[in-house]
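Residues per chain are reported as follows:
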Amino acid sequence: MTVGTTTYAALLRGINVGGSRKVPMAELRTLLEGLGHGDVRTYLQSGNAVFSSDHGDEDSLAGELSRALAEHFGFTVDVLVRDHAYLRAVLDACPFPAAELEAKQLHATYLSARADPERFAPIDQQAFLPEEFRLGDRVVYLYAPDGLGRSKLAESLAKPRLTKGLVATTRNWNTVVKLVELTGD
């Protein structure tokens, strides 16, 4: 990485799930390199890329990548771009005892804008116990002891009335930790 560059993670929403909206990671890496970014790596097949850049900010980089993906693959992909400092802050601010939990029990839903408490106020948290959620800086932390696939609270948090106007994409805690590591190199 050269002086003046920042390392970012690109979080792609809703790709490579159930055999549709395929974005091969090798093509994603090539696309990012073609946009002039360096040190490009991908993590898993679920739309996590790390890259360094000396131009742009999170929103402009996300918009640039989203447009390039649409042009290359022929479908729209929502993208969030976050720098190492933000990803580290999300990890450090986790309101749940991450070290004591299995990674499948803890998730972070990254949001494109601030998580307004009023938006989430209608959810009766008591009705979902032992599942819980907490709001952070452009993130919703979710504790789902039986995993995301069985979580009724995750279902409620994903309802359009709560996510309207936001890009929201969820990662399990292993991925949250790994993205901090990869962007910190």
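For the structure given in this document, a descriptive report is provided here. (Residues numbered from 1 in each chain as written. Predicted model: local features only at pLDDT ≥ 70, side-chain atom pairs only at ≥ 80, totals over all residues. Heavy atoms only, no water.)

**Observations regarding the pairing of strand β1 (residues 6–12)**
Where a strand is regular, its side chains alternate between the two sheet faces. Test applied: Residue burial is assigned from relative accessible area. The probe radius is 1.4 Å, only protein chains are included, and a residue is buried under 20% of its type maximum, exposed over 50%, and partly exposed in between. The way it works is that DSSP assigns letters per residue, a run of H or I at least four long becomes a helix, a run of E at least two long becomes a strand, and they are numbered from the N terminus. Criterion used throughout: strands pair if DSSP finds at least two bridges between them.
Counting buried residues along β1, six of its seven residues qualify, which places the element largely inside the surrounding structure. Sheet topology note: the β1/strand β3 (residues 48–53) ladder contains six bridges and is antiparallel. Residue pairing for β3: T7 is matched across the bridge by S52. Looking at chain direction, β1 and strand β4 (residues 79–83) are connected through five bridges and run antiparallel. Counterpart to L12 in the pairing with β4 is V79.

**Concerning the sheet that holds strand β8 (residues 168–172)**
Note the threshold: Axes here refer to lines fitted to C-alpha atoms; in helices the fit is confined to the stretch in contact. Angles between the N-to-C directions go from 0 to 180 degrees. Only heavy atoms matter for contacts: two residues are in contact if any of them lie within 4.5 Å across the pair.
Sheet architecture is open: four strands sit in the order β6-β7-β5-β8, paired in antiparallel fashion. The open sheet terminates on both sides in strands that have one partner only, identified here as β6 (132–136) and β8. Here the strands of the sheet are splayed against their neighbours by 20 degrees on average, with no regard to which way each runs. In terms of strand pairing, β6 meets strand β7 (residues 139–143) through five bridges, oriented antiparallel. Residue pairing for β7: E132 is matched across the bridge by Y143. Together, β5 (106–111) and β7 form the strand contacts of helix α3 (residues 84–92), whose direction differs from that of β7 by roughly 35 degrees. Lying over the sheet, helix α7 (residues 173–184) contacts β5, β7 and β8, oriented at roughly 95 degrees with respect to β8.

**Examining the pattern of salt bridges**
Quick note on the threshold: Salt bridge, as used here: a side-chain nitrogen of Lys or Arg that lies within 4 Å of a carboxyl oxygen of Asp or Glu.
Tallied over the full model, the rule gives nine salt bridges. D92 is paired through a salt bridge with R88; the nearest N and O atoms lie 3.0 Å apart. Note that D92 and R88 are positioned in helix α3 at a spacing of four residues, about one turn of the helix. Here D92 falls in the exposed class, since its relative accessible area comes to 52%. For the salt bridge of K178 with E181, the shortest nitrogen-to-oxygen distance reads 3.7 Å. Residue K178 and its partner E181 are both found in helix α7; the two are separated by three residues, about one turn of the helix. Its relative accessible area of 41% is what places E181 among the partly exposed residues. Taken together, the shared-partner salt bridges connect E58, R82, D137 and R138 into one network.

**Digging into the nonpolar core**
Put simply, the test is: For the purposes of this section, nonpolar cores are sets of buried Ala, Val, Leu, Ile, Met, Phe, Trp, Tyr and Cys residues that join through side-chain atoms within 4.5 Å.
Ranked by size, the top nonpolar core spans 25 residues in total, and within it L87, F96, Y110, V139, Y141 and W173 carry the most contacts. At the level of secondary structure, the elements contributing two or more residues to this core comprise β1, α3, β5, β7 and α7. Looking at this core, the element that brings in the most residues is α7, giving five residues. If we skip the residues at most four places from it in the chain, Y141 touches A89, V90, A93, C94, P95, F96, H107, E132, F133, R134, G136 and W173.

**Observations regarding the side chain of T109**
Position of T109 among the secondary structure elements: in strand β5. Not counting the four nearest positions on each side in its chain, T109 is found in contact with R138, V139, V140, A168, T169 and T170.

**Thoughts on helix α2 (residues 58–73)**
Every α-helix carries 3.6 residues per turn, so stepping three or four residues along brings you back to the same face. Heads up, the condition is: Expected span of a helix: the number of residues minus one, times 1.5 Å.
The terminal C-alpha atoms of α2, which comprises 16 residues, lie 22 Å apart, in line with the 22 Å expected from a rise of 1.5 Å per residue. Of all the positions in α2, only E58, L61, A62, G63, L65, S66, A68, L69 and F73 are classed as buried. Contacts made by the buried residues of α2 are with β1, α1 (25–34), β3, β4 and α3. Residue G74 follows α2 closely and has a positive phi angle near 85 degrees.

**A closer look at the environment of T163**
You can see T163 is positioned in helix α6 (residues 160–163). For the pair T163 and D78, spaced 85 residues apart in sequence, the C-alpha to C-alpha distance is 13 Å. With near-sequence residues (within four places) excluded, T163 lies in contact with R119, L157, A158 and A168.

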